[in-house]
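Residue-level listing of the chains:
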Number of protein chains: 2
Amino acid sequence: MKSRIGIVGGGQLGRMLGFAAKRMGFIVSVMDPTPHSPAGQVVDLQLEGDYSDPEVTEELAGISDFITVEIEHINTDTLKKLASEGAIVNPAPRTIEMIKNKLAQKEYLAKNKIPTAKYLEVSSIKEIETAAKQFGFPFLLKAKLNAFDGRGNALIKRKEDIAKEFMRLGGKDLYVEKYVPFVKELAVVIARDIKGKLISYPVVETIHKNNICHIVMAPAPINKKYEQKAKRLATRVMNHLKGAGVFAIEMFLTKKGEVLINEIAPRVHNSGHYTIEACYTSQFEQHIRAVTGLPLGNPDMKVPAAVMINILGERKGSADVKNLEKALRMSNVSVHLYGKAETKLERKMGHITVVGKSVEECLNKAKKARKTISI
Amino acid sequence: MKSRIGIVGGGQLGRMLGFAAKRMGFIVSVMDPTPHSPAGQVVDLQLEGDYSDPEVTEELAGISDFITVEIEHINTDTLKKLASEGAIVNPAPRTIEMIKNKLAQKEYLAKNKIPTAKYLEVSSIKEIETAAKQFGFPFLLKAKLNAFDGRGNALIKRKEDIAKEFMRLGGKDLYVEKYVPFVKELAVVIARDIKGKLISYPVVETIHKNNICHIVMAPAPINKKYEQKAKRLATRVMNHLKGAGVFAIEMFLTKKGEVLINEIAPRVHNSGHYTIEACYTSQFEQHIRAVTGLPLGNPDMKVPAAVMINILGERKGSADVKNLEKALRMSNVSVHLYGKAETKLERKMGHITVVGKSVEECLNKAKKARKTISI
């Protein structure tokens, strides 16, 4: 059996992919610029190198039967070249390439008539002001590239902030997005196997804090009708994306009951961390199955409800977890820590998953558990 | 927070302890004679050295805040010395020392009036023949030391086999055990935290094949009365063992409804592998919590039933898994492979856990899944 997996990126997503892949007996290598990265700690080998480094990417491919990614901000040109030479790369490099440029992603959605927020490419303060007139305040100013976890995003509430945010975001490669006054944010984690079969996880509700996914409630406490709408939309999106693996589709549910696409991630996602404890097959095992040509597993929940809350860094400095024992005194609380040596304000240092009888019960407990721990 | 764990032994138990410890953010080192051992592949550091090597054991202790074991056949003298010097070693080295000598374990149980099979120390063929007269055929001839997974055990059915088995088992450090005509074999995985609090997992039924734990059914399909009897007995045994951690107590249930202790393991155990998918807290996380001074987690099952079946090697040579995809086509089947480079007849190469509505349903599926895979 072909058994060597190479993952571009070695953060917490790579770490949890690593746990799943190692559990199934695969030989796993990752590439990441940080020595002894979160994933590097738990897999067979880490190659040190920037995500975009073509040589290290090729070196990784040379020792892997299957290549995949845990982050989209990588060298897709190299992956395309490797795929054209016969390497098994999933998801498809051209899909990763399209998604990593958030404007290209928007254009692709629009071209395929998939409902999403209105947007406009902008290259000057003047163009932003024109867009502001069209979309009204507040609106979003976003960077096309390297934008994730709140980086590269600004919510602009008044004209006076435009110039400042334009400069802060680098003054180029930007676009403006109409603000969607949503009632809830939803996400669907969905997987495709090598033969094209799709399987989707329950629709979850996500709560963001400073543009970072902060809380995930599974299943989303919404009407069945919207749940089905969200799943159908996720399937429609998937039909326009190429390659095997887990994808996450983030959505807005509006007051009128519309469901719009917010963003796509061509990889496992923070909104699916709860699946480790709550589902028959975690999103991480699912991704490993998908990219290695194995059949997909059952994505259903084996508990009635689950809530995930992120453990974000509270200061800058050496990571030192405090009061873990207090959180673990509560039953059915699982604490995941990513092994990052340095903590930073708002950095994803770990997460907590609580499973239980209802989302409400889990949510209360998750918030309480989160409050006890400091990092 | 103290965060460095050292594990003596780097086999599959160390590997699964490693997954649990890394998930919780610990820094984990193991010692094992095999380079890139099953556990070494998934933790921060492996020291190469025999389990009984005093120097490597001290080296491991030197880089660890908490020391524990995944195997009992280790250098307990060194662990005792380290503990006397202030190292945090769990479970207690003297308990590991007593358990690793199976005759000492028997004597300890007998001294504490805990029901177990009758036994006699023997040092010659003549003494075995005398014991045979007392116990009748069949009876067991067992090695005191280094006995596990069927090694060091012989079921003697007739007088003619005594001499041969005496020689095969090394001709010394042996004892005879009366054969218990059990109706079922049971096991209780039980954990103690640093303050002495005990928590026990559901009673399971185990089916052995050639003295190797082969199938585990959870919960054991037995009368509630015997379940309680088994749990009470496990607690009684624990009161005579020292230190924190997970222990496994193997038992016989006889036709008359007696429950006798078969064997004790001072560590996580094959009979508890199903807890990864089936319980709120796996035995591995539980052990890590216990030995690091964290509170114990909920040991209850989150699914109605689970069955574990071992994947034992079928030949000698390089390990090469075949038909994994066929097993994974069945829903709610989790396949664990231990990353051992070499397969051997009856060697533990991995295991399968199936969760579902009833033990019967899971058992059928587990056997079917096991048959598809070859290694």
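Residues numbered from 1 in each chain as written. Chains lettered and ligands numbered in written order. Predicted model: local features only at pLDDT ≥ 70, side-chain atom pairs only at ≥ 80, totals over all residues. Heavy atoms only, no water.

Undergrad: Would you explain the pairing of strand E15 (residues 305–312) of chain B in this entry?
TA: When a strand is regular, its side chains alternate between the sheet's two faces. Residues and elements named next belong to chain B. With eight of eight residues buried, E15 is to be regarded as a mostly interior element. Side chains Ala305, Val307, Ile309 and Ile311 of E15 all project onto a buried face; the interleaved residues Ala306, Met308, Asn310 and Leu312 project onto the opposite face, where all are buried too. Pairing analysis gives four bridges linking strand E12 (residues 212–218) to E15, with the strands arranged antiparallel. Along E15, the bridge assignment pairs Ala218 with Ala306. Taken together, the eight bridges between E15 and strand E19 (residues 348–356) define a ladder with antiparallel strand orientation. Along E19, the bridge assignment pairs Leu312 with Lys348. (Buried < 20%, exposed > 50% of the residue type's maximum accessible area, 1.4 Å probe, protein only. Helix = DSSP H or I, 4+ residues; strand = E, 2+ residues; numbered from the N terminus. Pairing = 2+ DSSP bridges.)

Undergrad: Even after reading the chapter, I still don't get the side chain of Lys102(A), so can you show me in this structure?
TA: Residue and element names in this part refer to chain A. Its location among the elements puts Lys102 in helix H5 (residues 102–111). Look at Lys102 and you get buried, because its relative accessible area is 6%. If we skip the residues at most four places from it in the chain, Lys102 touches Lys142, Ala143, Lys144, Ala147, Asn153, Tyr175 and Glu263. (Contact = heavy atoms within 4.5 Å.)

Undergrad: Any chance you could explain helix H6 (residues 125–135) of chain A here in plain terms?
TA: Every α-helix winds through 3.6 residues per turn, so residues three or four apart in the chain are directed the same way. All names here are of chain A. All of the buried residues along H6 are Ile128, Ala131, Ala132 and Phe135. Taken down its axis, H6 places every buried residue within 105° of arc, on the same side. Exposed positions of H6 whose direction lies more than 90 degrees from the buried face are Lys126, Lys133 and Gln134. Buried residues along H6 sit against strand E5 (119–122), strand E6 (139–143), helix H7 (162–168) and strand E8 (174–178). Gly136 sits one or two residues past H6 and shows a positive phi near 80°. (Arc of directions from axis to C-beta.)

Undergrad: Sorry if this is basic, but what is going on with helix H4 (residues 93–100) of chain B here?
TA: All names here are of chain B. Taking burial as the measure, the eight residues of H4 include six buried ones, the bulk of the element. Every buried residue of H4 is listed here: Pro93, Thr95, Ile96, Met98, Ile99 and Lys100. Buried residues along H4 sit in contact with strand E4 (66–69), helix H3 (76–84), helix H5 (102–111), strand E13 (245–254) and strand E14 (259–265).

Undergrad: What's the story with the sheet that holds strand E7 (residues 153–156) of chain B in this structure? I'm lost.
TA: Paired through backbone hydrogen bonds, the strands of a sheet run either parallel or antiparallel to each other. All names here are of chain B. What the four strands build is an open sheet, ordered E5-E8-E6-E7; its pairing is antiparallel. Strands at the two margins of the open sheet, each flanked by one partner only, are strand E5 (119–122) and E7. Strand-to-strand twist of the sheet, defined as the mean angle between neighbouring strand axes without regard to direction, takes the value 25°. Pairing of strand E6 (residues 139–143) with strand E8 (residues 174–178), which is carried by five bridges, proceeds in the antiparallel orientation. Across the sheet, the residue bridging to Leu140 is Glu177, located in E8. This element, H5, spans E5, E6, E7 and E8 of the sheet and lies at about 140° to E5. The sheet strands contacting helix H6 (residues 125–135) are E5, E6 and E8, and the helix crosses E5 at an angle near 170°. (Axes fitted to C-alpha atoms, helices over the stretch in contact; angles between N-to-C directions.)

Undergrad: Is there a simple way to think about the interface of chain A and chain B in this case?
TA: By convention, interface size is frequently given as the accessible area that disappears when the constituent parts associate. Contact with chain A, which involves 35 residues of that partner, is made by 35 residues of chain B. Approximately 3300 Å² of surface area, both sides summed, lies buried where chain A meets chain B, with 54% of it carried by carbon and sulfur atoms. One salt bridge connects Arg23(B) with Glu277(A), and the closest N-O pair in it is separated by 3.7 Å. At the junction of chain A and chain B, the tally comes to 16 residue pairs in polar contact (both at pLDDT 80 or more). Elements with a contribution of two residues or more to the side of chain A that touches chain B: helix H1 (12–23), helix H11 (324–328) and strand E17 (333–337) of chain A. Here the side of chain A that touches chain B takes five residues from E17(A), the largest share from any one element. For the side of chain A that touches chain B, the class distribution of residues is 17 nonpolar, eight polar and 10 charged. (Buried area = accessible area lost by both parts, 1.4 Å probe. Salt bridge = Lys/Arg side-chain N within 4 Å of Asp/Glu carboxyl O. Polar contact = N/O pair within 3.5 Å; in protein donor to acceptor, adjacent residues only side chain to side chain. Nonpolar A, V, L, I, M, F, W, Y, C, P; charged D, E, K, R; others polar.)

Undergrad: Honestly, the pattern of salt bridges in this entry has me stumped. Any pointers?
TA: For side chains bearing opposite charge, pairing can occur when the charged atoms are close. Residues and elements named next belong to chain A. Counted by the stated rule, this structure contains 41 salt bridges over all chains. A salt bridge links Glu165 to Arg168, with the shortest nitrogen-to-oxygen separation between them at 2.7 Å. With Glu165 and Arg168 both in helix H7 and three residues apart, the pair spans about one turn of that helix. The buried category is assigned to Glu165, whose relative accessible area is 13%. Across the pair Glu205 and Lys184 runs a salt bridge, and its minimum N-O distance is 3.0 Å.

Undergrad: Sorry if this is basic, but what is going on with the relation of the copies chain A and chain B here?
TA: Both copies of the chain are tied together by a single rotation about an axis and a shift running along it. After a rotation of 180° and a shift along the axis of 0.0 Å, chain A superposes on chain B with an RMSD of 0.0 Å. The superposition of one copy onto the other is thereby described by a two-fold rotation axis. If distances are taken from each C-alpha of chain A to the rotation axis, the shortest is found for Val42(A), at 2.1 Å. Interface overlap between copies is the fraction of interface residues in one copy that are interface residues in the other; for chain A against chain B it reaches 100%, indicating a shared surface. (Least-squares fit on C-alpha atoms with pLDDT ≥ 70 in both.)

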